Amino acid sequence: PQPHMLQGILCKCTEELGEVATVVNKPHKEHPEPLYAEVCDLIIAATDLAYMHLQLSTGQPLTTEEFSDIMQEKLKEKSEKWLSLELEHLPNKGE
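I will try to describe carefully the structure that is included in this document. (Residues numbered from 1 in each chain as written. Predicted model: local features only at pLDDT ≥ 70, side-chain atom pairs only at ≥ 80, totals over all residues. Heavy atoms only, no water.)

A look at the side chain of Glu-16
Reasoning step 1: With respect to the element layout, Glu-16 can be found in helix α1 (residues 3-25).
Reasoning step 2: What makes Glu-16 buried here is its relative accessible area of 5%.
Reasoning step 3: Ignoring sequence-local partners within four residues, the contact set of Glu-16 consists of Glu-38, Asp-41, Leu-42 and Ala-45. (Helix = DSSP H or I, 4+ residues; strand = E, 2+ residues; numbered from the N terminus. Buried < 20%, exposed > 50% of the residue type's maximum accessible area, 1.4 Å probe, protein only. Contact = heavy atoms within 4.5 Å.)

Next up, the structure:
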């Protein structure tokens, strides 16, 4: 992969995010796909971006298992951080 490929994939991510925004911002309009399907498209495009970036940074292709392990580890870390921040905003039931 070449570095310029990342820009093309980023454009695809932006396109998919725009489609998500259209579904959210125009709820009464009929859309070709429901929100969850548009979010799936966005996740796939973002995953492609991450895979290509990792390939470029390591200089070699990654196996599906290697990529999955890297992404699962980082997703777990990010999810735990997000959850801890969300829990801080919950009202205390004992008060």
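Quick word on α1
Reasoning step 1: Relative to the 33 Å expected for 23 residues at 1.5 Å per residue, α1 spans 33 Å between its end C-alpha atoms, a close match to the ideal helical length.
Reasoning step 2: Considered for burial, the residues of α1 that qualify are Leu-6, Ile-9, Cys-13, Glu-16, Val-20 and Val-23.
Reasoning step 3: Buried residues along α1 sit in contact with α2 (35-58). (Expected span 1.5 Å × (residues − 1).)

Comments concerning the packing of α2 against helix α3 (residues 64-88)
Reasoning step 1: Their axes nearest at 11 Å, the elements α2 and α3 cross at an angle of 110 degrees. When the axis of α2 is compared with that of α3, the two are roughly perpendicular. Between α2 and α3 lies a crossing of right-handed hand. Of the residues in α3, those in contact with Thr-47, Ala-50, Tyr-51 and Leu-54 of α2 are Phe-67, Ile-70 and Met-71. (Axes fitted to C-alpha atoms, helices over the stretch in contact; angles between N-to-C directions. Parallel < 35°, antiparallel > 145°, perpendicular 65-115°, else oblique. Left-handed = near helix turned anticlockwise from the far one by under 90°.)

A short note on the state of the cysteines
Reasoning step 1: Enumeration according to the criterion identifies zero disulfides in this entry.
Reasoning step 2: We note that Cys-11 lacks a disulfide partner, and the nearest cysteine sulfur, in Cys-13, lies 9.2 Å from it. (Disulfide = S-S within 2.5 Å.)

A closer look at the packing of α1 against α2
Reasoning step 1: Packing of α1 against α2 leaves a shortest axis separation of 9 Å and a crossing angle of 165 degrees. One finds that α1 runs roughly antiparallel with respect to α2. Considering the relative orientation of α1 and α2, their crossing is left-handed.

That's the geometry; what it means functionally is another story.
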